[in-house]
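Working through the structure, step by step
Spelled out, the chains give:
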Amino acid sequence: MSNLTAKPAAAGNTVQDAAGTPLASVPDMMRQAQRAFDTWRRLAVAERLRYLTALRLELLEALDECVDVIARDTGKPKTEAVTAEVLVVAEAIAYLERHAERILKTRKVKTPLTLIGKTSYIAHEPCGVVLVISPWNFPFMLAAVPALSALAAGNSVIIKPSEVTPKVGKWMEAWFQKAGFPVGTVQVAHGAGDLGAKLIEAHPDYIFFTGSTKTGKIIQEAAARQLIPTTLELGGKDPMIIFQDAHLERAAKGAVWGALTNSGQVCVSAERIYVERPAYERFVALLKEQVRLLKQDDSDDADLGSMTFAPQIDIVKDHVHDAVSKGAVVAYGRFPDERKGETGLKLGPLILTDVTHEMKVMREETFGPVICVMPFDGEEEAVRLANDTRYGLSASVWTRDAKKARRIAAVLACGSVVVNDTIVSIASPYLPFGGIKESGIGSYHGEAGLRAFTYPKAILVDRGRKKSEVNWFPYAGKYPLFLDLVRAYYGKRKQWRRFVRAYLRLLKKS
Ligand code: ADP
């Protein structure tokens, strides 16, 4: 059995909730997936999409139940379970239904004159068995979206959801079963990191990993040993740059949402907020006003839920204590006082001012409900501060000056930039999502993101009617003619007559 005691279960989950897949069954799962791939890959894209349509309808049928399972497993408010998870998955399916056939279609491309008489195509072939390893912060969306894209592209899939949110994993498994996928096409493996490692050892054809940078590096190493290609969606320390000409009320509300949604346990969370100095004080006052209005309880109207994973609270506390010891000021909020019986996973929001880049809270991923705000002077400093990080996932720029926004967006070192809003680019299936630097390798979503689950196969067709080719043996007498051909074709100006003459003489010699 997978080593489930390695990490304490969160959100009330017990070890039994996560129990499931014996390590010894991994080779058999892999064989099933390989067998299923053989049949699944041969289905037309439209036929595969019928299963995705069935999934969409099943999801709608069980909407309340799905939201409920996600909310209970993670501790997030129901509103966030529906907007940030269910809706994004439904939109991803709708996108695939609309566009997958076109994106995956074999395309005819140009053939160079030097290969005259032939025709060229690019086919997008599925990789084989895709292993999707997913985290606990968006356990449904971050498992389902890559899995569905991989399936649409013709792969069979094994999902290894996070052991921290096992009920979502179980729910997904039942969901796929209800949609009636052929046996082995999509399997869910329940367990912890050791099960993930075992699945990698079994040599899937592609690994799609979402999780921490630390684990991402371990996975990349294991994949490299077998030369398995990967996509890695890792951590972030996203900056939010607010200029004095921005709509400040909007920016403050946006910052509060961007930093606190899902209790800050979001890879694209607004973890560093930079405000142009003349607007700084007013902005901090607006932040406090907005944070004060938040509702944190267990009702359907809650704005803030609880943390999902108890050990994450220790990281948040460590970052905040480190910041305070180096001069940061807690401008709002406090940690729960355990002596007063304030225990559990709920963490109220904190606002930290007087932060610097020497503090963990501005350098490492905090992944908690902490708003860190810092002033800056001018565009150049804003960009320098924003890029002063080992991460490069997303960023946001807030200004009424569209040209300035474009200028800044161009020089921010990250995978996506949102202007006058935050986080939401991940909700668009039309835009690529992925990071650079320690935020990951590769991206998904959008056309390139669907093709990421395939490899391009070059197909070059000759009708086979000529006896020989100019570049084939024998070479006798051809060398000067090829020199002539290269000079005629690639020089300053094209010399067509010279080119044709050389070519015809080459033909004669072939
Ligand atoms: P988080 O969920 O906090 O981002 P991780 O990055 O550690 O945490 O975990 C993300 C996913 O990776 C989880 O499903 C976890 O079980 C899995 N995992 C952890 N360690 C390994 C490993 N060595 N090999 C494969 N999968 C792993």
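Conventions and cut-offs
- Residue numbers restart at each chain and count upward from 1, following the sequence in its written direction.
- Only residues with pLDDT of at least 70 get local features here, since the model is predicted, and only at 80 or more are side-chain atom pairs given and counted; chain-wide, interface and lining totals rely on the full set of residues.
- The basis for every side-chain value is the complete set of heavy atoms in the structure, and neither hydrogens nor water enter the calculation.
- A run of H or I in DSSP becomes a helix once it reaches four residues, and a run of E becomes a strand once it reaches two; helices and strands are each numbered from the N terminus.
- Burial here depends on accessible area, computed with a 1.4 Å probe over protein chains only, as a share of the maximum for the residue type. Under 20% is buried, over 50% is exposed, and the range in between is partly exposed.
- For a helix, the expected span equals 1.5 Å multiplied by the residue count minus one.
- Think of it as the arc spanned by the lines of direction from the helix axis to the C-beta atoms.
- Working definition: residue near molecule or strand if any one of its non-hydrogen atoms lies within 4 Å of it.
- Under this definition, polar contacts are N or O atom pairs within 3.5 Å; protein pairs additionally need one hydrogen-donor-capable and one acceptor-capable atom, and for neighbouring residues in sequence, both atoms have to be side-chain atoms.
- Every accessible area reported is derived by Shrake-Rupley at a probe size of 1.4 Å, with residue values counting cover from the shown protein chains alone.
- Domain limits in this description derive from either an automatic procedure or a database domain assignment.
- Disulfide: a pair of cysteine sulfur atoms within 2.5 Å of each other.
- Basic side-chain nitrogens of Lys or Arg form a salt bridge, by our definition, when they fall within 4 Å of a carboxyl oxygen of Asp or Glu.

To continue, consider unusual backbone geometry. The phi torsion of most residues other than glycine is negative, and most of the peptide bonds are trans. Omega for the bond connecting phenylalanine 473 with proline 474 falls within 30 degrees of zero, at 0°, which places this linkage in the cis form. The topology assignment puts proline 474 in the loop between strand 18 (454–462) and helix 17 (479–490). One non-glycine residue, aspartate 354, adopts positive backbone phi at about 55°. On the accessibility criterion, aspartate 354 (47% relative accessible area) is partly exposed. If you check the backbone angles, asparagine 420 has positive phi at about 60° while not being a glycine. Position of asparagine 420 among the secondary structure elements: in the loop between strand 14 (416–419) and strand 15 (433–434). Overall, asparagine 420 belongs to the partly exposed group, its relative accessible area being 25%.

What follows concerns helix 2 (residues 26–40). Given a rise of 1.5 Å per residue, 15 residues ought to cover 21 Å, and the 20 Å separating the end C-alpha atoms of helix 2 matches this to within 8%. Every buried residue belonging to helix 2 is among Val26, Met29, Met30, Ala33, Ala36, Phe37 and Trp40, and all of these are buried. The buried residues of helix 2 occupy an angular sector of 130° when projected down its axis, which confines them to one face. Exposed side chains of helix 2 directed beyond 90 degrees from the buried face belong to Arg35 and Thr39.

Right, let's get into the site of the ligand. Not every one of the 20 residues close to the ligand is listed here, only the nearest: Ser134, Lys160, Glu163, Ser212 and Thr215. Between an oxygen atom of the ligand and a side-chain N or O atom of lysine 160, the distance comes to 2.7 Å. Here the ligand has 550 Å² of accessible area as a free molecule, and 86% of this is covered by the chains. Mapped onto the shell around the ligand, the elements with two or more residues apiece are helix 8 (193–201), strand 6 (206–210) and helix 9 (213–226).

One can read the domain layout of the protein chain as domain 1 (24–234 + 446–456), domain 2 (238–427) and domain 3 (466–509). Taken over C-alpha atoms, the centre of domain 2 sits 64 Å from the centre of domain 3.

A separate point is the state of the cysteines. In total, this model carries zero disulfides according to the counting rule given. Looking at the unpaired cysteine 66, the closest cysteine sulfur is the one in cysteine 267, lying at 19 Å. As a non-bridged cysteine, cysteine 414 has cysteine 267 as the owner of its nearest cysteine sulfur, 13 Å distant.

In total, this model carries 31 salt bridges according to the counting rule given. Between glutamate 125 and lysine 457 there is a salt bridge, with the nearest N and O atoms lying 3.4 Å from each other. Here the residue glutamate 125 occupies a position in strand 2 (residues 118–126), and lysine 457 occupies one in strand 18, the gap between them amounting to 332 residues. Between lysine 295 and aspartate 297 there is a salt bridge, and its shortest N-O distance comes to 3.3 Å. The exposure class of lysine 295 is partly exposed, given its relative accessible area of 36%. Salt bridges here are not isolated pairs; linked through shared partners, they connect Asp68, Arg72, Lys78 and Asp300.

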